[in-house]
Amino acid sequence: MSTAMNFGTKSFQPRAPDKGAFPLDHLGECKAFKEKFMKCLRQSTFDNSKCRLQSKDYLECRMNHQLMDIEPLEKLGFKYLVDPPSSQTQKDTKP
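Residues numbered from 1 in each chain as written. Predicted model: local features only at pLDDT ≥ 70, side-chain atom pairs only at ≥ 80, totals over all residues. Heavy atoms only, no water.

By the naming in an unreviewed UniProt entry, the protein is Cytochrome c oxidase assembly protein COX19, taken from Betta splendens. Its UniProt record gives the protein a comment under Subcellular location (unreviewed entry), which states: "Cytoplasm". UniProt, in its Sequence similarities (unreviewed entry) section for the protein, records the words "Belongs to the COX19 family." (UniProt positions renumbered as here; feature names shortened; annotations may be inferred.)

Next comes the structure, spelled out in structure tokens:
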């Protein structure tokens, strides 16, 4: 007797991953950036504040290859490493 016992069958609803969870780089598209970042961390005894530029480059690579959602770098904590828009640069250079 093969009767199914389906008590309130629920269907699977896929959802986006939680913030901070993102796909692995199976194709190695950002491997060079990751290696530079990891090398910097090892050389600075894992003081990540000394590797901000490498971290920014790595995250930009991940965003460019759709390995994570595109976010403004300011929102990711890189406000001071982002180039100002050209209109601000022109305003700053005028006397």
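Colleague: Please set out the overall build of the protein residue by residue, giving values where relevant.
Modeller: A count of helical and extended segments in the protein gives three helices and zero strands. Going from N to C terminus, the protein has its helices and strands arranged as α-α-α. For the protein, the proportion of its 95 residues judged to be buried stands at 19%. Pairs at least 24 apart in sequence give 46% of the contacts found in the protein among residues at least 6 apart. For the protein, the accessible area works out to roughly 8400 Å², and carbon and sulfur atoms hold 56% of it. (Helix = DSSP H or I, 4+ residues; strand = E, 2+ residues; numbered from the N terminus. Buried < 20%, exposed > 50% of the residue type's maximum accessible area, 1.4 Å probe, protein only. Contact = heavy atoms within 4.5 Å. Areas by Shrake-Rupley, 256 points an atom, 1.4 Å probe, with all protein chains shown as cover.)

Colleague: Requested: an account of the state of the cysteines, with residues and values cited.
Modeller: The tally for this structure, following the rule as stated, stands at two disulfides. The disulfide partner of cysteine 40 is cysteine 51, and the S-S distance across this bridge is 2.1 Å. Since a negative S-S torsion denotes a left-handed disulfide, the cysteine 40-cysteine 51 link at about -95° is left-handed. Within this pair, whereas cysteine 40 is found in helix 1 (residues 31–43), its partner cysteine 51 is found in the loop between helix 1 and helix 2 (52–64), the two being separated by 11 residues in sequence. Since its relative accessible area comes to 11%, cysteine 40 is described here as buried. In the protein, numbering the disulfide-bonded cysteines from first to last in sequence yields the connectivity 1-4, 2-3. (Disulfide = S-S within 2.5 Å.)

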